[in-house]
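One letter stands for each residue in the lines below.
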Amino acid sequence: MNHTSYIEISKSSYKKNIQFIRSEVGPGPTISAVVKGNAYGHGIENIVQIAEAANIRHFSTFSSDEALRVYQSSKKNSEVMIMGMLANEDLEEIIKKGIGFFVFEFDRLNAATEVARKIGVKAKIHIEVETGFHRTGFEWEEREKLELFLKNNLEFLDLKGLCTHYAGAESISNYVRVMDQIKRYHQFKDWFAEKQIEFEKYHTACSAATLNYPETIMDLVRIGIASYGFWPTQETYMSKFKQLPENNKNPLKRLISWKSSIMSTKKVKMGDFIGYGSSYMAPRNMTIALVPIGYSHGYSRMLSNLGKVLIGGQLVSVVGTVTMNSIAVDITDLKGVGKGDEVVLIGKQKKGEVTVASFGESTQQVNYELLTRLPQDIPRKIIA
């Protein structure tokens, strides 16, 4: 059965991205592939497969359901770590499966300890400390209570990590705040060391911190957007630009291509309105192509009269309002185009290219948002 569109995921591009990250962090640190948000829209099962082929053996998720998908997809017994949502009633299954998880408040810590005691399996925990993000993490004032609890329950707890998360490492405007966070994290780290509490890994760096603040590269780095071929921000790219070799000024390669096809074509007379409402009046006699992609598929309504797609290697414009299930594009100046021809929404076709960034320029969406809005039911396939 044909679908309205499909997504291609490049295995070779992922490998190149990991090679670049490895060159940045050195041989020692573990690279944890962050696969939250359905692997940034790429599909968790796909990314686990190609990441393990690229020698990745550690994955970070936001929630327990994502973690189970990684666990079930892994062929290499990779480590899995939950950074966010984990209901207490799911702790037993997670602990039994050996999946690690962030602990950032006493309710989860108490519940995990009780479950570990009951089933006789240590809970693999990563203690998250509050350093200035003000979202999750144990406060500095809670450190003594936390120390006492950990020491009294070490037979039930495997201290896998001490971690934090930075508030805006992708922008120089947050420099002072991030530097304060780095300082506070080391205060926690040193304080635990003085109390003879040791963790297997110390980790704080996301993609942006890894690239902008090398001092945050410790035992493990949590790499999300960069592994999918995108710089966290243009600012991050420019800060690295001079350090990149002349023959490879953009080492991060996009994995994703999104393609559809022409559903039908239609002649429109000058002065006629195209689609819903009156947002677009034909300025000449036109030929339009209908493409079966709309906002229900992740193609933002904000791209109405702004979006571009590739047909026959040529960029053509979206005309009229993006609807739930379709867009109309202007093919008046194209020759020999018809029903069934390929339409590229993201990716390359002949000498043309539509980048994910071009969506952001048109709609004010960041790369992260557009990618994670791609529905899971769009077929995804791995290509070389």
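Residues numbered from 1 in each chain as written. Predicted model: local features only at pLDDT ≥ 70, side-chain atom pairs only at ≥ 80, totals over all residues. Heavy atoms only, no water.

## Some words on the pairing of strand E1 (residues 6-10)
Within E1, 4 of the 5 residues are buried, which leaves the element mostly enclosed by the surrounding structure. Of the strand pairs in this sheet, E1 and strand E18 (residues 380-383) are connected by 4 bridges, and their pairing is parallel. Residue pairing across strands places Glu 8 opposite Lys 381, the latter belonging to E18. (Buried < 20%, exposed > 50% of the residue type's maximum accessible area, 1.4 Å probe, protein only. Helix = DSSP H or I, 4+ residues; strand = E, 2+ residues; numbered from the N terminus. Pairing = 2+ DSSP bridges.)

## Description of helix H8 (residues 175-194)
Counted at 1.5 Å a residue, the expected span for H8 with its 20 residues is 28 Å, and the 29 Å between its end C-alpha atoms agrees. The complete set of buried residues in H8 reads Val 178, Gln 181, Ile 182, Tyr 185, Phe 188, Trp 191 and Phe 192. Looking at the packing, one finds that the buried side of H8 touches helix H7 (143-152), strand E7 (157-163) and strand E8 (201-203). Gln 196 sits one or two residues past H8 and shows a positive phi near 60°. (Expected span 1.5 Å × (residues − 1). Contact = heavy atoms within 4.5 Å.)

## A word on the nonpolar core
Side chains that are nonpolar tend, in soluble globular proteins, to be buried together. Counting residues in each nonpolar core, the largest one holds 112 residues, and the members touching the most others are Phe 101 and Leu 150. The contact partners of Phe 101, leaving out residues within four places of it in the chain, are Ile 82, Leu 86, Leu 91, Ile 94, Ile 95, Arg 108, Ala 112, Ala 123, Lys 124, Ile 125 and His 126. In this structure, Ile 274, Tyr 280, Met 286 and Ile 288 belong to the second largest nonpolar core, which totals 8 residues. (Core = buried A, V, L, I, M, F, W, Y, C linked by side-chain atoms within 4.5 Å.)

## Remarks on unusual backbone geometry
The phi angle at Asn 55 is positive, at roughly 70°, despite the residue not being glycine. Although it is not a glycine, His 134 adopts a positive phi angle of roughly 60°. Tracing the backbone through its elements, the reader meets His 134 in the loop between strand E6 (123-128) and H7. Residue His 134 is classed as exposed on the basis of its relative accessible area, which comes to 63%.

## Considerations on the packing of H7 against H8
Axis separation between H7 and H8 bottoms out at 11 Å; the angle between their running directions is 45°. One finds that H7 runs oblique with respect to H8. Seen from above, H7 lies across H8 with right-handed handedness. Across the interface between the two elements, Arg 143, Glu 144, Leu 146, Glu 147 and Leu 150 of H7 pack against Phe 188, Trp 191 and Phe 192 of H8. (Axes fitted to C-alpha atoms, helices over the stretch in contact; angles between N-to-C directions. Parallel < 35°, antiparallel > 145°, perpendicular 65-115°, else oblique. Left-handed = near helix turned anticlockwise from the far one by under 90°.)

## Details of the sheet that holds strand E12 (residues 286-291)
Either a parallel or an antiparallel arrangement is found when strands of a sheet pair, and the pairing is made through backbone hydrogen bonds. Spatially, the 3 strands line up as an open sheet ordered E11-E12-E15, and their pairing is antiparallel. Across the chains shown, the open sheet's two edge strands, defined by having one partner strand only, are strand E11 (264-268) and strand E15 (327-330). Averaged over all pairs of adjacent strands, the angle between strand axes in this sheet comes to 30°, irrespective of strand direction. Pairing of E12 with E15 involves 4 bridges; the strand directions are antiparallel. The residue bridging Ala 289 from the neighbouring strand is Val 329, located in E15.

## Overview of the sheet that holds strand E5 (residues 100-103)
Strand order in this open sheet of 8 strands is E8-E7-E6-E5-E4-E3-E2-E9, and the pairing throughout is parallel. Each of the sheet's edge strands pairs with one partner strand only, and the pair in question is E8 and strand E9 (220-223). Neighbouring strand axes in the sheet, compared pairwise and without regard to direction, differ in orientation by 30° on average. In this sheet, E6 lies alongside E5 in parallel orientation, the contact comprising 3 bridges. Considered in E6, the bridge of Phe 102 is made with His 126. Packing against the sheet, helix H4 (residues 64-73) makes contact with strand E3 (58-61) and strand E4 (79-82), and its axis sits at approximately 170° to E4. Helix H6 (residues 106-119) contacts E5, E6 and E7 of the sheet and is inclined by roughly 145° relative to E5.

## A look at a nonpolar patch on the surface
Among the surface-exposed residues, Ile 172, Tyr 175 and Val 176 lie close enough to one another that they form a single nonpolar patch of about 320 Å² accessible area. In this fold, Ile 172 is placed in the loop between E7 and H8. Residue classification places Ile 172 among the exposed residues on the basis of a relative accessible area of 59%. (Patch = residues over 30% accessible without salt bridge, like charges linked within 9 Å, V, L, I, M, F, W, Y side chains within 5 Å. Areas by Shrake-Rupley, 256 points an atom, 1.4 Å probe, with all protein chains shown as cover. Salt bridge = Lys/Arg side-chain N within 4 Å of Asp/Glu carboxyl O.)

## Observations regarding the packing of aromatic side chains
By convention here, two paired aromatic rings are described through the distance between centres and the angle between planes. Across all of its chains, the model carries 12 aromatic pairs by this definition. Ring plane angle 45° and centroid distance 6.1 Å describe the contact between Tyr 40 and Tyr 368, whose orientation is recorded as tilted. Of this pair, Tyr 40 sits in helix H2 (residues 36-40) while Tyr 368 sits in helix H12 (residues 367-372); the two residues are 328 residues apart in sequence, bridging distant segments of the chain. Between the aromatic rings of Trp 140 and Phe 188, the centroid separation amounts to 5.0 Å while the plane-to-plane angle is 80°, which identifies the pairing as edge-to-face. Pair noted here: Trp 140 is in the loop between E6 and H7 and Phe 188 is in helix H8, with a separation of 48 residues, a long-range link. Among the residues examined, Phe 188 registers a relative accessible area of 1% and is labelled buried. Aromatic rings pair up to connect Phe 20, Trp 231, Tyr 237 and Phe 241 into one cluster. Seen from the ring of Phe 106, Lys 145 lies directly overhead, with NZ or CZ sitting 4.3 Å from the centre. Looking at Lys 189, its charged tip hangs above the ring of Tyr 202, at a distance of 4.7 Å from the centre. (Phe/Tyr/Trp six-rings, centres within 6.5 Å; stacked < 30°, edge-to-face > 60°. Lys NZ or Arg CZ within 6 Å of the ring centre and 35° of its normal.)

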